[in-house]
Amino acid sequence: MLKGGAAVLALVFAAAAHAVDNPFPRAADAYVVKRDGRLIWASGADERHAPASLTKMMTALLVLERGQLEETVVVTRAASRERGSRIGLRAGDQLRVRDLLAATIMHSANDACHALADHYGPTFVPRMNQRAATLGMKNTQFVDPCGWDRPGHYSTATDLARLAEVAMQHPDYQRFARMRDTRIGTLDGRRHFNVRNTNHLIGRYSGTVAGKTGTTGAAGYCLVALAERDGVRVTVVLLNSPRRWTFAPRLMDQAFSLQM
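The following paragraphs examine the structure supplied in this document.

Conventions we followed
Residues numbered from 1 in each chain as written. Predicted model: local features only at pLDDT ≥ 70, side-chain atom pairs only at ≥ 80, totals over all residues. Heavy atoms only, no water. Helix = DSSP H or I, 4+ residues; strand = E, 2+ residues; numbered from the N terminus. Buried < 20%, exposed > 50% of the residue type's maximum accessible area, 1.4 Å probe, protein only. Polar contact = N/O pair within 3.5 Å; in protein donor to acceptor, adjacent residues only side chain to side chain. Pairing = 2+ DSSP bridges. Axes fitted to C-alpha atoms, helices over the stretch in contact; angles between N-to-C directions. Contact = heavy atoms within 4.5 Å.

**Points about the environment of threonine 140**
And then number 1: With respect to the helices, strands and loops of the structure, threonine 140 is situated in the loop between helix H6 (124-134) and helix H7 (157-167).
And then number 2: Residue classification places threonine 140 among the buried positions, given a relative accessible area of 11%.
And then number 3: A C-alpha to C-alpha distance of 25 Å links threonine 140 and proline 171, two positions 31 residues apart in sequence.
And then number 4: Within the structure, the side chain of threonine 140 is placed 2.7 Å from the side chain of serine 155, a separation counted as a polar contact.
And then number 5: A polar contact is formed between the side chain of threonine 140 and the side chain of aspartate 159, at a distance of 2.7 Å.

Below you can see the structure in the form of structure tokens.
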């Protein structure tokens, strides 16, 4: 048993250790910071939240794992009617899987994402959930491939960090996620689409490797960001952050500065 001053010191150190677990309590409703795969700080990490377009990381992962990025996709009427973030696809447009994937990752385009899901058939969402299970995402359930607010569609900061670590290791994901903008078109050359990255860290935060943004009414402003400096890799997940473009760089800077 500790006595006197030793007991006081133990309490002080315990309080300090607890505080450093959540150094930015106002960063988001839930967040996770990992350095080289190791959890550094977190708050509400296992609480279920609407993930918004962070969902598209799983859509992208399934597409990348299947391969065949040169396949032709015929845009369905349902995909062409998607709202929110979109590039303006029309029913019957034909594009390569690769180009629709770029629009999904970079611009979070719901019409492109929906077109990809339709291309792979009605089992696509069940396969999203099967893949989540194999990744150990125990508090995640997908109902929609694009991330709309729907009953039963949820995830956690912990699960989304795990998903990001796997999806963002793919070279094609990183290549698209690093591009500030690009131009894609239909296979007949008649229609072209300018695709701009929604990730404001691209070109602004040194070492940015990849990321994904998401915003809905229920989810608020969300972000997954991955950066690497001097061989050290930092992953940040923010769910419902009031200032994601302010807090993400702060969290990453502090994680990079740790002496470990």
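**Some details on the sheet that holds strand S9 (residues 232-239)**
And then number 1: Taken in spatial order, the five strands of this open sheet run S2-S1-S9-S8-S7, and their pairing is antiparallel. With partners counted over all chains shown, the strands left at the sheet margins are strand S2 (38-43) and strand S7 (208-216), one partner each. Within the sheet, the average angular offset between the axes of one strand and its neighbour, ignoring direction, is 5°.
And then number 2: Looking at chain direction, S7 and strand S8 (residues 220-229) are connected through eight bridges and run antiparallel. Looking at the pairing, threonine 213 lines up with leucine 223 of S8.
And then number 3: Its contacts with the sheet put H7 on strand S1 (30-35), S8 and S9, and the angle it makes with S1 is roughly 40°.

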